[in-house]
Amino acid sequence: METEELRRVYDALLAEVDAGGFGEPPPGELTVEQVVAHLAANDELMSAATEAVLAGSDFAYYDLDAIHRPALDALVAECGGLDGLATLLRATSQKLCALTERLGPRSGVLVDTHLREGVGLMVDEPLPWGRTLDLHGRVHLPRHLAQLRALRTG
């Protein structure tokens, strides 16, 4: 996925967050605040991995660490709610996009990748980092965009 495409997906996510009007999720599902906190936390993990790739350092990417609810709730409280989370997501997504622009041929560097996207996508193996970023932009972010849209009440 090209960086401009990734930026467009983030723009759509942020527009959805800015539109507001969200209701409560079904039992057991994430709130809108938790979804945005998850996205920002995951961006930070992906940025750290991208920085390691650019520096030629080994790195393992674990998406699972970004979804634990107590950590998400702590981030929600730290940001003061949805507005603060949206500001954080803008910053984390911009940083990740800026880093991906610098990857070039390093996008083929293998990174030990551990992620799960629902029941349909589980990765527990080294992947070219560009492929992981592609999965993020084409699968992970659109699923959360759909999740946000489903939480809209109006």
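Residues numbered from 1 in each chain as written. Predicted model: local features only at pLDDT ≥ 70, side-chain atom pairs only at ≥ 80, totals over all residues. Heavy atoms only, no water.

Engineer: Give a description of helix 1 (residues 3–19) that names residues and reports values.
Structural biologist: Along an α-helix, residues three or four apart share an orientation, since each turn contains 3.6 residues. Its 17 residues give helix 1 an end-to-end C-alpha distance of 24 Å, which sits within 8% of 24 Å, the value for a rise of 1.5 Å per residue. Looking only at helix 1, the buried set comprises Thr 3, Leu 6, Val 9, Tyr 10, Leu 13, Leu 14, Glu 16 and Val 17. Burial along helix 1 is one-sided: seen end-on, the buried residues are contained in an arc of 155°. Those residues of helix 1 that are exposed and angled more than 90 degrees off the buried face are Arg 8, Asp 11 and Ala 19. (Helix = DSSP H or I, 4+ residues; strand = E, 2+ residues; numbered from the N terminus. Expected span 1.5 Å × (residues − 1). Buried < 20%, exposed > 50% of the residue type's maximum accessible area, 1.4 Å probe, protein only. Arc of directions from axis to C-beta.)

Engineer: Describe the layout of surface pockets, naming the residues involved and giving the relevant values.
Structural biologist: Estimated volume of the second largest pocket: approximately 160 Å³. Looking at the second largest pocket, the residues that line it are Met 1, Glu 2, Thr 3, Leu 6, Thr 100, Leu 103, Gly 104, Ser 107, Gly 130 and Leu 133. Put simply, the parts of the chain that give the lining of the second largest pocket at least two residues each are helix 1 and helix 5 (129–151). Looking at the lining of the second largest pocket, its residues break down into four nonpolar, five polar and one charged. (1 Å grid on protein atoms, 1.4 Å probe; cavity = no way out; pocket = protein on both sides within 12 Å on 5 of 7 lines; lining within 4 Å. Points joined across faces, edges and corners; volume = space filled by probe spheres on them. Nonpolar A, V, L, I, M, F, W, Y, C, P; charged D, E, K, R; others polar.)

Engineer: Before we move on, can you summarise the nonpolar core with the specific residues and values?
Structural biologist: Grouped together as the largest cluster of nonpolar side chains are 42 residues, with contacts concentrated most on Tyr 10, Leu 13, Leu 89, Trp 129, Leu 141 and Leu 148. Mapped onto this core, the elements with two or more residues apiece are helix 1, helix 2 (32–55), helix 3 (69–79), helix 4 (82–101), strand 2 (110–117), strand 3 (121–128) and helix 5. Sequence-distant contacts of Trp 129, defined by excluding residues within four places in its chain, comprise Met 46, Ala 49, Thr 50, Val 53, Tyr 61, Leu 103, Ser 107, Val 109, Val 111 and Thr 113. (Core = buried A, V, L, I, M, F, W, Y, C linked by side-chain atoms within 4.5 Å. Contact = heavy atoms within 4.5 Å.)

Engineer: For the pattern of salt bridges, give the residues involved together with the corresponding values.
Structural biologist: Enumeration over the complete set of coordinates arrives at nine salt bridges. As a salt-bridge pair, Glu 4 and Arg 7 come within 3.4 Å of each other at their nearest N and O atoms. Of this pair, Glu 4 and Arg 7 both sit in helix 1, three residues apart, roughly one helical turn. The partner of Glu 51 in a salt bridge is Lys 95, with the nearest N and O atoms 3.4 Å apart. (Salt bridge = Lys/Arg side-chain N within 4 Å of Asp/Glu carboxyl O.)

Engineer: So what about the environment of Val 109? Which residues, and what values?
Structural biologist: With respect to the element layout, Val 109 can be found in the loop between helix 4 and strand 2. Since its relative accessible area comes to 28%, Val 109 is described here as partly exposed. Taking the C-alpha atoms as reference points, Val 109 and Ala 55, 54 residues apart in sequence, are found 11 Å from one another. Once residues within four sequence positions are removed from consideration, Val 109 is found in contact with Val 53, Leu 127, Pro 128 and Trp 129.

Engineer: Talk me through the side chain of Asp 134; I want residue IDs and the actual numbers.
Structural biologist: Here Asp 134 is to be found in helix 5. When sequence neighbours within four positions are dropped, the list of residues in contact with Asp 134 reads Met 1 and Val 139.

Engineer: Kindly report on the packing of aromatic side chains, identifying the contributing residues and their values.
Structural biologist: Enumeration according to the criterion identifies one aromatic pair in this entry. Each ring, one from Tyr 61 and one from Trp 129, has its centre 5.4 Å from the other, and the planes form 75°; the classification is edge-to-face. Here Tyr 61, found in strand 1 (residues 60–62), pairs with Trp 129, found in helix 5; they are 68 residues apart in sequence, far enough to count as distant. Lying across the ring of Phe 22, Arg 152 places its NZ or CZ 4.7 Å from the centre. (Phe/Tyr/Trp six-rings, centres within 6.5 Å; stacked < 30°, edge-to-face > 60°. Lys NZ or Arg CZ within 6 Å of the ring centre and 35° of its normal.)

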